[in-house]
Amino acid sequence: MKRWIWFILPLLIVGCAGQAAIEFGVNDGALFDGTLGDISMTVTRIDMSEGDGYVTVWEGAKEVAVGIQVSDFVSITDAYVEVAPGSYQNIRLTVESVRYIQDSVSVPLIDTSYQFTATAFTELVVEDNDDLEFVVGIMSATWFDVDSLKIKDGCIAFQGASLRIYY
């Protein structure tokens, strides 16, 4: 009997490792509502920093339309995704088909697969059994020119993207 306990006990301890859940979303990170159109994209992967690299926490093909200068939470994952508790300061998104849309106008900005990193001002702590919403602010005013409908000269798409907990 004691042999079974010594065999099962480590399995129980490993099986009780903490988990947390995060729903991932996106907005423009602005403090006011605008009516300038949307940045639309297909999100295909979300990676969270782990050690010196990244680990994939979600893969799919979710079309999202983010209102420019709107702070609403637009879900990417449509549900909570299990993650390991820890401190996170960066996440990386892979997107495709990035375009600007206003009324019936659709202007392609990026046609290929594109990765960008969103960074938090300080580490975001995720504890055991947390249910949180992480939002990536795409900060379009930094890199997108609404007048010319293109990425600003000298800038890259999603430059200055931020990461924070959405309340």
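Read on for a plain summary of the structure. Quick caveat, the model's predicted, so the values are computed rather than measured.

In the structure shown here, the tally under the stated rule is four salt bridges. With a closest N to O distance of 3.2 Å, Arg92 and Asp47 form a salt bridge. Taken as a pair, Arg92 in strand S6 (residues 86-102) and Asp47 in strand S2 (residues 38-50) lie far apart in primary sequence, 45 residues in all. Judged by relative accessible area, Asp47 falls into the buried class, the value being 1%. The salt bridge involving Glu63 is made with Arg99; its shortest N-O contact spans 2.6 Å. Within this pair, whereas Glu63 is found in strand S3 (residues 53-67), its partner Arg99 is found in strand S6, the two being separated by 36 residues in sequence. On the basis of relative accessible area, Glu63 is assigned to the partly exposed category, the value being 40%. Here the salt bridges do not stand alone but share partners, grouping Arg45, Asp47 and Arg92 into one network.

Procedures and definitions
Residues numbered from 1 in each chain as written. Predicted model: local features only at pLDDT ≥ 70, side-chain atom pairs only at ≥ 80, totals over all residues. Heavy atoms only, no water. Salt bridge = Lys/Arg side-chain N within 4 Å of Asp/Glu carboxyl O. Helix = DSSP H or I, 4+ residues; strand = E, 2+ residues; numbered from the N terminus. Buried < 20%, exposed > 50% of the residue type's maximum accessible area, 1.4 Å probe, protein only.

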